[in-house]
Amino acid sequence: MHEDWVRQVDLELDGELSLPERAALSRHLATCRHCAEARVSHLEMRVAFARSAGEPHARTVPRPRIRARALAIAVALALVAGAAAGWLAHGRWGGPGAGPLEATRATFVAQ
Ligand SMILES: [Zn+2]
């Protein structure tokens, strides 16, 4: 339940809530310390993002979710690149199962 409101807080800070939705959220925040504090920390997080973006007094809030998504894509690409490199290495030098177990272990130790 609170998680839904915290999600609403994010949307509100992004300017994506309609007036009735904002009213409902404000009503909840007036009675719920948990969500009110979540809103404060979300705002402070955006302040930190604005600062790190070199715009400490920005009126529009930077959108950490986009950064998080970009980061996730970068991590995914790195994983794919790593897997590809491992696959190439496997094809070139052979992997486990290519020879006797002792030889495979020696290969690993040598590498
Ligand atoms: Zn709440």
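Residues numbered from 1 in each chain as written. Predicted model: local features only at pLDDT ≥ 70, side-chain atom pairs only at ≥ 80, totals over all residues.

Peer 1: Even after reading the chapter, I still don't get the overall build of the chain, so can you show me in this structure?
Peer 2: When you go through the chain residue by residue, the secondary structure sums to five helices and zero strands. By residue count, 5% of the 111 residues in the chain fall in the buried class. Nonlocal contacts in the chain, meaning residues at least 24 apart in sequence, comprise 36% of its contacts between residues at least 6 apart. (Helix = DSSP H or I, 4+ residues; strand = E, 2+ residues; numbered from the N terminus. Buried ≥ 20, exposed ≤ 12 C-beta atoms within 10 Å, placed from the backbone. Contact = placed C-beta atoms within 7 Å.)

Peer 1: What exactly am I supposed to notice about helix α1 (residues 2–13) here?
Peer 2: What sets the pattern is the α-helix's 3.6 residues per turn: residues three or four places apart point alike. When the terminal C-alpha atoms of α1 are compared, their 17 Å separation across 12 residues agrees well with the 16 Å that a helix rising 1.5 Å per residue should span. Immediately beyond the C-terminal end of α1, within one or two residues, lies Gly15, with a positive phi of roughly 75°. (Expected span 1.5 Å × (residues − 1).)

Peer 1: Would you explain the confidence of the model for the chain in this entry?
Peer 2: Atom-level detail of predicted coordinates should not be read off regions where pLDDT is low. Looking at the chain, the pLDDT average stands at 81 and 71% of residues meet or exceed 70. No element of the chain has a lower mean pLDDT than helix α5 (residues 101–110), which averages 64, and none a higher one than helix α2 (residues 19–31), which averages 97. (pLDDT = per-residue confidence, 0-100.)

Peer 1: Explain α2 to me, please; I cannot follow it from the model alone.
Peer 2: Between the first and last C-alpha of α2 there are 19 Å, a value that for 13 residues agrees with the 18 Å anticipated at 1.5 Å per step. Taken across its 13 residues, α2 has one buried, putting it largely on the surface.

Peer 1: Quick question: what am I supposed to make of the packing of α1 against helix α3 (residues 33–52) here?
Peer 2: Working note: a packed helix pair is described by the angle between its axes plus the distance between those axes. Relative to each other, α1 and α3 sit at 35°, their axes nearing to 10 Å. Seen from above, α1 lies across α3 with right-handed handedness. Across the interface between the two elements, His2, Trp5, Val6, Val9, Asp10 and Leu13 of α1 pack against His34, Cys35, Ala38, Arg39, His42, Leu43 and Arg46 of α3. For the contact of α1 with α3, the class distribution of residues is seven nonpolar, three polar and three charged. (Axes fitted to C-alpha atoms, helices over the stretch in contact; angles between N-to-C directions. Left-handed = near helix turned anticlockwise from the far one by under 90°. Nonpolar A, V, L, I, M, F, W, Y, C, P; charged D, E, K, R; others polar.)

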